[in-house]
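Examination of the molecular architecture
Chain by chain, the residues run as shown.
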Amino acid sequence: MSASAAPVLAASFVVVAIYWCTVYIYSMAKRAYKFRFYPTPEQEVLLARTFGCVRFVYNAVLRYRTDAFHERQERIGYAAASAKLTALKKDPDLAFLNEVSCVPLQQSLRHQQTAFKNFFEGRARYPRFKSKRYRQSAEFTRSAFKYRDGQLFLAKSKEPLAVRWSRALPCEPTTITVSRDSAGRYFVSCLCEFDPRVLPVTPKMGYTDLMVDGAPLPHQPDTIIRWLIDRLRS
């Protein structure tokens, strides 16, 4: 290797090391904790209705967007999809959509928008219609649930969920996803956010400098970063 190429190669190693450190640290900014819970009969009815409404809205708007794309080559954006949801909720024949929290319905459209974005950018297949045969889920943001004194309350429900807490949450969740699998079991996934802490990356840093709160990095980033540092030092 020529002397002029060595600094360029060293700089490239540093850039890649910084990238992997940043990816790992920012992946720790959000973490989901999944627990099983046992709904009351009233909560079962509410959740069944919520799952059904989420599925109905998702499929109705997907049909609307699909027809627009195939018939007029028109791409329906999130704003138009949200307006379609408003129109659906105003339809007297679809009054049941107003019996559940509006947040999971809106969140389903956000996920659909992401699915379409991935499709048009070539990263995924065309979005599929939801089926009631498989896992059902509904996502609630902070405006549609309360977490107080270790108890979790959903919108439209007065009783807390009987969650089997296998561990304490590190903070109040920002988003929760309630789901029911094909076996009829109920789960809640609580998304907690942390303030990311960016670590300085230098050619002389050691392995312990790449730990987060004393814990080593996962195997793959650990292997890559140590490989980069070893070559940067040589």
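Located above this text is the structure these notes cover.
Broken down by element type, the protein carries 5 helices and 6 strands. Tracing the protein from N to C terminus, the helices and strands come up as α-β-α-α-α-β-β-β-β-β-α. For the protein, buried positions account for 36% of its 234 residues. If you take every contact in the protein between residues at least 6 apart in sequence, the share linking residues at least 24 apart comes to 71%. Looking at the protein as shown, the accessible area adds up to about 14200 Å², and 54% of this sits on carbon and sulfur atoms.

Going through the model one piece at a time under the given rule, you end up with 8 salt bridges. Ionic pairing is found between R72 and E71, a salt bridge with its closest N-O pair at 4.0 Å. When its relative accessible area of 48% is taken as the criterion, R72 is described as partly exposed. Counted as one network, the salt bridges with shared partners bring together E71, R72 and E74.

Our next topic: the side chain of T50. Secondary-structure assignment places T50 in helix α2 (residues 41-72). Residue classification places T50 among the buried positions, given a relative accessible area of 4%. A distance of 2.8 Å separates the side chain of T50 from the backbone oxygen of L46, its partner in a polar contact.

Further remarks concern the environment of R75. Checked against the element boundaries, R75 lands in the loop between α2 and α3 (78-90). Filtering out sequence-adjacent residues up to four positions away, R75 remains in contact with F69 and F120.

The subject of this paragraph is helix α4 (residues 102-120). An ideal rise of 1.5 Å per residue puts 27 Å on 19 residues; α4 measures up with 28 Å between its terminal C-alpha atoms. The elements touched by buried residues of α4 are α2, α3 and β2 (136-141). Among the residues of α4, the N-terminal cap falls to S101, whose side-chain oxygen and the backbone nitrogen of V103 are separated by 3.3 Å. The positive-phi residue at the C-terminal boundary of α4 is G122, with phi of around 80 degrees.

Cut-offs used in this document
Residues numbered from 1 in each chain as written. Predicted model: local features only at pLDDT ≥ 70, side-chain atom pairs only at ≥ 80, totals over all residues. Heavy atoms only, no water. Helix = DSSP H or I, 4+ residues; strand = E, 2+ residues; numbered from the N terminus. Buried < 20%, exposed > 50% of the residue type's maximum accessible area, 1.4 Å probe, protein only. Contact = heavy atoms within 4.5 Å. Areas by Shrake-Rupley, 256 points an atom, 1.4 Å probe, with all protein chains shown as cover. Salt bridge = Lys/Arg side-chain N within 4 Å of Asp/Glu carboxyl O. Polar contact = N/O pair within 3.5 Å; in protein donor to acceptor, adjacent residues only side chain to side chain. Expected span 1.5 Å × (residues − 1).

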